[in-house]
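Observations on chain architecture
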Amino acid sequence: MLVRVGPLRGAAHLGGDATMAIVQGSGDAQGGASAAREQWQSRWGFLLAAVGSAVGLGNMWRFSYLAAEKGGAGFVALYLFFTVLIGLPVMLAELTIGRGARRGPISALAHYGGPAWRALGVVFVAAGFLILSYYGVIGGWTLRYSVEAALLGFPSPAGEHFGDVASGWDSLATQLVFMAITIAIVAGGIGGGIERVARVAMPGLFFVMVAIAVYAATLDGAGAGYAYYLNFDVARAMSLDVAVAAAGQAFFSLSLGMGAMLTFASYLPRECDLATETVVISFADFGVAFSAGLMVFPLIFALGMGDQLSEGTIGALFVVLPEAFAAMGAIGRVVGAAFFVALVIGALTSAVSLLEVVVSAAIDAIGWERRRAALVAGVAVALAGAWSAFDLDVLDLADSIATNLFLVGGGLAIAIFVGWVMPDPIGEAAVGATRGRVHTIWRALLRYVVPAALVVILWSSVQETWAKLWALLG
Ligand code: TRP
């Protein structure tokens, strides 16, 4: 295995313990744990990268259109509920496996569960591949919108423009550009690529979001947007499709269920406090999603475009919002450009984590060098994404399958793995922890509550996805 200078220099910042972890790793050269495994350069770097993974199109595009489609605050409340009840335990489970095994997902699962569990790791990598294939397409649209907004403004009619941007060769071309940037960042490595970008990008994204939300609050008619967003329709919230969507959204938004957080944690030093990191990442992610609603809905309603939202299609953000920005004149162009730039940033730092899962698996399992793995995996994903680039129905279906089946199923498997299979998860999670009892509760949740909830959710998502598949084929 190649020993590079970057990771060792990175590890030096972490002090004695990290160096020790590396030395321990070298005694354990089998199964892919490299003697010089790369590491984050600091706790902040890891947190920003993990939040960067979580915060993305899911928080803005996916969250807003689902909140619109699934009836507002009831959906939001259920999404928060699943974030806490299922998201937190599964996030801690992924971080525990990753940090403990110090390997990519396939080898990490085999390390704790035996070779049969490699299969789950392979499913994770496939899920990452599938998600990134269409995520990169949407990322390409955001890239195009942000460049256009800065140079030309927002063309109208927005619906027609979206049609041009979002399918066919245009869509494929912007996807390729987006994927090329993603590949370049991942090729740069953990500390030198992913962490370095997240350190600049994430604070920038937060700043822009808060600024836009504050601006949106000053608009006449913003109240109608808040009313729509925060309206609690109890009857609507009780229906199962809302719960399924909310649970799927919790997984998607937190980047859970396919080993992305696991992979990021595999570059952590031993001494960090995983439970604290779990809480920080999850609430940062929820906070951004919630604030995205606070900016998107007032903007749209202030311009009287609320009725266009209720259909809640995947294009809503790319049609209604530009329409709103265009109607605001010069200021709309500034705000709109800032909005889409923030969206690109969020999308890139998320896409990077999706590609990293595939890449780290290739590094660990095949022994490829990072740059080669990033290039080959990234190009393969981009080619597969052509299908979604040319057909929005395929994109929509890929998203349903990936989220509601792969991620929810993957979350179920992780809960069972850590709850029942992995030896001494509590001991591993407790390394570096500052709290005691929390781990006992955690494992009880993983053993009973999370699987029970996810089986119900998974069962209804299978039926829903099946129906969607038939509709598309028929
Ligand atoms: N969480 C990201 C978002 O909200 C998307 C994402 C990145 C993701 N990595 C993931 C989703 C891993 C599921 C699994 O946009």
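Residues numbered from 1 in each chain as written. Predicted model: local features only at pLDDT ≥ 70, side-chain atom pairs only at ≥ 80, totals over all residues. Heavy atoms only, no water.

Further remarks concern the nonpolar core. Counting residues in each nonpolar core, the largest one holds 156 residues, and the members touching the most others are Ile97 and Phe339. No other element matches helix α17 (residues 330-366), which puts 19 residues into this core. When near neighbours in sequence (up to four residues on either side) are disregarded, Ile97 contacts Arg102, Ala108, Leu109, Tyr112, Leu262, Ile414, Phe417, Val418 and Met422. (Core = buried A, V, L, I, M, F, W, Y, C linked by side-chain atoms within 4.5 Å. Buried < 20%, exposed > 50% of the residue type's maximum accessible area, 1.4 Å probe, protein only. Helix = DSSP H or I, 4+ residues; strand = E, 2+ residues; numbered from the N terminus. Contact = heavy atoms within 4.5 Å.)

Turning our eyes to something else, we now look at a nonpolar patch on the surface. A contiguous nonpolar surface patch, about 440 Å² in accessible area, is contributed by Ile416, Trp420, Val421, Tyr448 and Val449. Every element with two or more residues in the nonpolar patch is listed here: α19 (392-421) and α21 (438-473). If you trace the backbone, Tyr448 turns up in helix α21. (Patch = residues over 30% accessible without salt bridge, like charges linked within 9 Å, V, L, I, M, F, W, Y side chains within 5 Å. Areas by Shrake-Rupley, 256 points an atom, 1.4 Å probe, with all protein chains shown as cover. Salt bridge = Lys/Arg side-chain N within 4 Å of Asp/Glu carboxyl O.)

Glancing now at the side chain of Glu356. One can find Glu356 in helix α17. The class of Glu356 is buried, set by a relative accessible area of 0%. Not counting the four nearest positions on each side in its chain, Glu356 is found in contact with Val186, Ile190, Ile194, Thr263, Phe264, Tyr267 and Arg370.

What follows deals with the packing of aromatic side chains. Given two aromatic rings, their pairing is described by the distance between the two centres and the angle made by the two planes. A complete count under the given rule lists 31 aromatic pairs for this structure. Ring pairing ties together the aromatic residues Phe63, Phe75, Tyr79, Tyr228, Tyr229, Phe286, Phe290, Phe297 and Phe301, which thus form one cluster. In this structure, Arg62 is placed above the aromatic ring of Phe252, and the distance from its NZ or CZ to the ring centre is 4.9 Å. Positioned above the aromatic ring of Trp420 is the side chain of Arg447, whose terminal nitrogen or guanidinium carbon lies 4.2 Å from the ring centre. (Phe/Tyr/Trp six-rings, centres within 6.5 Å; stacked < 30°, edge-to-face > 60°. Lys NZ or Arg CZ within 6 Å of the ring centre and 35° of its normal.)

Turning next to the pattern of salt bridges. Tallied over the entire structure, the rule returns 15 salt bridges. For Asp170, the salt bridge identified is with Arg144, shortest N-O distance 2.7 Å. Here Asp170, found in helix α9 (residues 169-187), pairs with Arg144, found in helix α7 (residues 118-151); they are 26 residues apart in sequence, far enough to count as distant. Two residues, Glu195 and Arg199, come together in a salt bridge whose shortest N-O distance is 3.2 Å. Here Arg199 and Glu195 lie together in helix α10 (residues 190-217), a separation of 4 residues that amounts to about one turn. Since its relative accessible area comes to 1%, Glu195 is described here as buried. Bridged by salt links that share partners, the residues Glu69, Lys70, Arg236 and Asp241 form one connected network.

Surrounding the ligand, one finds 17 residues, the nearest of these being Ala54, Gly58, Tyr135, Phe252 and Ser255. Within the backbone of Leu57, an N or O atom sits 3.1 Å from an oxygen atom of the ligand. Interatomic distance of 2.7 Å between a backbone N/O atom of Phe252 and a nitrogen atom of the ligand. Here the ligand loses 100% of its free accessible area of 360 Å² to cover by the protein chains. (Near = heavy atom within 4 Å. Polar contact = N/O pair within 3.5 Å; in protein donor to acceptor, adjacent residues only side chain to side chain.)

Here helix α15 (residues 274-302) spans 42 Å end to end across 29 residues, near enough to the 42 Å set by a 1.5 Å rise per residue. Phi turns positive one or two residues past the end of α15, at Gly304, with a value near 70 degrees. (Expected span 1.5 Å × (residues − 1).)

So, about the confidence of the model for the chain. Confidence in the prediction for the chain averages 89 pLDDT; 91% of positions are at 70 or higher. Predicted confidence is poor over residues 1-34, with pLDDT under 50, and the contacts of this stretch with residues over four places away or in other chains come to 42 contacts. (pLDDT = per-residue confidence, 0-100.)

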